[in-house]
Amino acid sequence: MAMRTVVRGGMVVSVDPDIGDLPRGDVLIEDGRIAAVGVTVDAADAEVVDATGKIVMPGFVDTHRHTWQTAFRGIGAGWTFEQYHVAVHGTLRPHYRPEDVYLGNLLGRIEALSSGVTTMLDWFHCSDRPENADAAIQALREAPGRSVFCYGAIGPDITPEITRVRAQLPDDGMALGLRGPQLSTMDETAADVALARELGLRVSVHVHGGTGWPSGRRPVADMYERGLLDDRTTFVHGNGLSDDQVAMLADAGCSVSISPDVELKMGIGWPETGRMLAAGIRPSLSIDDCPSAGGDMFATMRTAFAVQRGLDSGHTPVDGGLTARDAVGRGTLTTRDVVSFATVDGARACGLEAKTGSITVGKDADLILLDAEDPSVFPVGDPVGTIVAAGHPGLVDSVFVAGRAVKRDGRLLGVDLPALRARLLESRERIAAAAGVPVDGSWVPEAR
């Protein structure tokens, strides 16, 4: 990539309220950052990327993905949460070696990048040994994308291991995945948060009120009362939380990562998009795990949008002169909201809003170009609506991370996919054989 590059003539969806959308616009990149955005940008000496017939938008931000599980993609499409936990953590994970972790993380991160996810938080909980974490980090370093390693360490004393890994990663390249509060004591949770704050790490925590967790727990309230919540805290899922606990999240400035496909299919609960918005929380979106769900943000956005619109229309009175048709969409979620969740709101949840998430002058040039002339979306009238309603990974023509082209003309650059695929298949077959399970979708784990 030249020092100066202009992405010229595309339909620009900036996700920046001051710039808005441009039916035809240019984006100038200098030294990896966005230098100018406008209808026409004078850049006579710059390399030109012709974006005619393309939608130009910020890369997606996935705020929660268990990337190490990539080798078992699709086998858990029908699993409940309990079955997933037994299968992945109780049966498969004990047989993972560092090489398996490396391959899952590498191909999983590359797959995400290919579908337009330029920034991803890797929520890593295959941490049975330090070598696994090192392998995961190495894979993220080799994958040409922006990654945050969220270390979900296990064991009675995680301080030495978290401190060791923290010394290897940049300030914005690591987060701490809490052991609790639902699966550990509140004292352990307080100790983990204290460690994160000492090391300057953001924290991410799984919590929901649905099936599979101890009943009667109020994890958010417990953390709130002990001063453990702030704007560096991301709650994953949040399904079924009481209204007062949602209000506590908002009051503390927490962010929330919603994984709509997994939450619905696994019986965790209805995605809480609308409730979070009503409380003043701008949620982000995440894939969660690829054994159960597809790895692209397009499907995730579409599910989040359709489900919340359906919930909203069902909760809107249709009597008093309103027809059902009038009720649908009254004051509800918009496609622009959902694109924001998948970009700038995700960047904010990762502490990266100053660097990425929108096409804004001064931010890194994390951009994707979508083919607006593909028959599945042509003709494009409303590019934002098209992205949410009809977008898919096949549209991703080009991907730039900090101005560097990592995908062009529909092809990843510098990646030997055949070799990686062969190695990942070998890894999957070895793990499955050691665990004594099939990989053809016939496996129905027995939930405990």
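Relevant structure appears above.
Overview of the structure.

Counting residues in hydrophobic clusters, the biggest one holds 108 residues, and the most contacted among them are F149, I162, L249 and M301. Looking at which element gives the most residues to this core, the answer is helix 2 (residues 98-114), with 8 residues. Setting aside anything within four residues of it in sequence, one finds M301 in contact with F60, L285, V338, V339, A342, I387 and V388. The next biggest cluster of nonpolar side chains, apart from the first, holds 15 residues, and it includes I29, I34, L367 and A405.

Another aspect to go through is the environment of V220. Relative to the helices and strands, V220 resides in helix 6 (residues 219-225). Taking the C-alpha atoms as reference, V220 lies 8.2 Å from P181; in sequence the two are 39 residues apart. For V220, the residues in contact, after removing those within four places along its chain, are L229, F235, L241, Q245, M248 and L249.

One pass over the structure, following the stated rule, counts 1 cavity of 30 Å³ or more. Taken as a whole, the largest cavity encloses approximately 50 Å³ of empty space. Top contributing element to the lining of the largest cavity by residue count: helix 5 (residues 186-199), with 3 residues. Class assignment for the residues of the lining of the largest cavity results in 5 nonpolar, 1 polar and 3 charged.

Moving on: the packing of aromatic side chains. In the structure shown here, the tally under the stated rule is 6 aromatic pairs. Relative to F149, the ring of F124 lies with its centre 5.5 Å away and its plane at 35°, an arrangement referred to as tilted. Of this pair, F124 sits in strand 7 (residues 117-124) while F149 is found in strand 8 (residues 146-151), placing the two residues 25 residues apart along the sequence. For F124, a relative accessible area of 0% gives the class buried. Take F149: its relative accessible area is 1%, and that puts it in the buried class. Each ring, one from F124 and one from Y151, has its centre 6.3 Å from the other, and the planes form 55°; the classification is tilted. Residue F124 is located in strand 7, and its partner Y151 is located in strand 8; the two are separated by 27 residues in the primary sequence. Cluster of aromatic residues (ring-pair linked, three or more members): F124, F149 and Y151.

Rules used in this analysis
Residues numbered from 1 in each chain as written. Predicted model: local features only at pLDDT ≥ 70, side-chain atom pairs only at ≥ 80, totals over all residues. Heavy atoms only, no water. Core = buried A, V, L, I, M, F, W, Y, C linked by side-chain atoms within 4.5 Å. Buried < 20%, exposed > 50% of the residue type's maximum accessible area, 1.4 Å probe, protein only. Helix = DSSP H or I, 4+ residues; strand = E, 2+ residues; numbered from the N terminus. Contact = heavy atoms within 4.5 Å. 1 Å grid on protein atoms, 1.4 Å probe; cavity = no way out; pocket = protein on both sides within 12 Å on 5 of 7 lines; lining within 4 Å. Points joined across faces, edges and corners; volume = space filled by probe spheres on them. Nonpolar A, V, L, I, M, F, W, Y, C, P; charged D, E, K, R; others polar. Phe/Tyr/Trp six-rings, centres within 6.5 Å; stacked < 30°, edge-to-face > 60°.

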